[in-house]
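Letter by letter, the chains look like this.
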Amino acid sequence: MAAITGPSSISVRSRPHQTLALSRANGLKPVSLSCYGRSSLSFGLQQRSAQLRVSCAAKPDTVDKVCKIVRKQLALPDDSAVSGESKFSALGADSLDTVEIVMGLEEEFGISVEEESVQSIATVQDAADLIEKLIEKNKA
């Protein structure tokens, strides 16, 4: 289902593995997207530069596994509030903790995270998105 919610944004919800095609909106070229198991896709148009920004949320199961690993690595109580929006620094993680978290994620998901990618991980959601990206890349 797609809905245009004003002159500058589009939001789309899709079922897993469904391919979506969007036609012209605000003078943009047609766009085709695939949703690989993600629960939703969201789009935002920036009027200044007429760019389309796509944000894909990782599967809830992936986010939950990342939260579990973060709790374990940081020795946080099981009932501590850790969610996709949680920043590692706000949870008390320093750079060494972040490296240990990434090592735990690599082991759990059978992936290898390059050093440059580690620098871009600030939140649980960032980690979950990167994991799914690497898993998809490995499948190809």
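Residues numbered from 1 in each chain as written. Predicted model: local features only at pLDDT ≥ 70, side-chain atom pairs only at ≥ 80, totals over all residues. Heavy atoms only, no water.

What is the right way to read the overall build of the protein from this model?
The helix and strand inventory of the protein stands at four helices and six strands. In the protein, the order of α-helices and β-strands from amino to carboxyl end is β-β-β-β-β-β-α-α-α-α. Looking at the protein residue by residue over its 140 residues, the buried ones come to 35%. Here the analysis covers contacts within the protein between residues at least 6 apart in sequence; of these, 40% occur between residues at least 24 apart. Surface summary for the protein: the accessible area is close to 9100 Å², and the carbon and sulfur share equals 50%. (Helix = DSSP H or I, 4+ residues; strand = E, 2+ residues; numbered from the N terminus. Buried < 20%, exposed > 50% of the residue type's maximum accessible area, 1.4 Å probe, protein only. Contact = heavy atoms within 4.5 Å. Areas by Shrake-Rupley, 256 points an atom, 1.4 Å probe, with all protein chains shown as cover.)

How should the packing of helix H1 (residues 60-73) against helix H4 (residues 124-139) be read in this particular structure?
Look at H1 against H4: their axes get within 9 Å of each other, and the N-to-C directions meet at 125°. The angle between H1 and H4 falls in the class oblique. Along this stretch, H1 crosses H4, giving a crossing that reads as right-handed. Residues Thr-62, Val-63, Val-66, Cys-67 and Val-70 of H1 touch H4, and the partners they reach there are Val-124, Gln-125, Ala-127, Ala-128, Ile-131 and Glu-132. Across the contact of H1 with H4, the residue classes break down as eight nonpolar, two polar and one charged. (Axes fitted to C-alpha atoms, helices over the stretch in contact; angles between N-to-C directions. Parallel < 35°, antiparallel > 145°, perpendicular 65-115°, else oblique. Left-handed = near helix turned anticlockwise from the far one by under 90°. Nonpolar A, V, L, I, M, F, W, Y, C, P; charged D, E, K, R; others polar.)

Help me out: how do you make sense of a nonpolar patch on the surface in this one?
Taken together, the side chains of Leu-96, Val-99 and Met-103 define a hydrophobic patch exposed on the protein surface, amounting to about 280 Å² of accessible area. Structurally, the position occupied by Leu-96 is in helix H2 (residues 95-109). (Patch = residues over 30% accessible without salt bridge, like charges linked within 9 Å, V, L, I, M, F, W, Y side chains within 5 Å. Salt bridge = Lys/Arg side-chain N within 4 Å of Asp/Glu carboxyl O.)

Would you mind going over the pattern of salt bridges with me for this structure?
Proximity of charged atoms lets side chains of opposite charge pair with each other. Overall, the coordinates contain two salt bridges when judged by the stated rule. The salt bridge partner of Asp-61 is Lys-65, with a shortest N-O separation of 3.9 Å. Taken together, the residues span about one helical turn, with Asp-61 and Lys-65 both in helix H1 at a distance of four residues. Classification of Lys-65 as partly exposed rests on a relative accessible area of 32%. Here Glu-136 and Lys-139 are joined by a salt bridge, their closest N and O atoms 3.9 Å apart.

Looking at this structure, I do not really get the confidence of the model for the protein. What am I missing?
Summary statistics for the protein give a mean pLDDT of 75 and a share of 60% for residues scoring 70 or more. Put simply, strand E2 (residues 9-12) is where the protein has its lowest mean pLDDT, 44, and H1 is where it has its highest, 95. Within the model, pLDDT remains below 50 along residues 1-26, and this stretch shows 58 contacts once partners closer than five positions in the same chain are excluded. (pLDDT = per-residue confidence, 0-100.)

Explain H1 to me, please; I cannot follow it from the model alone.
Along an α-helix, residues three or four positions apart point the same way, because every turn accommodates 3.6 residues. Given a rise of 1.5 Å per residue, 14 residues ought to cover 20 Å, and the 20 Å separating the end C-alpha atoms of H1 matches this to within 8%. Among the residues of H1, Thr-62, Val-63, Val-66, Cys-67, Ile-69, Val-70 and Arg-71 are the ones counted as buried. Structurally, H1 contributes buried residues whose contacts are with H2 and H4. One or two positions beyond H1, positive phi appears at Ala-75, with a value near 55°. (Expected span 1.5 Å × (residues − 1).)

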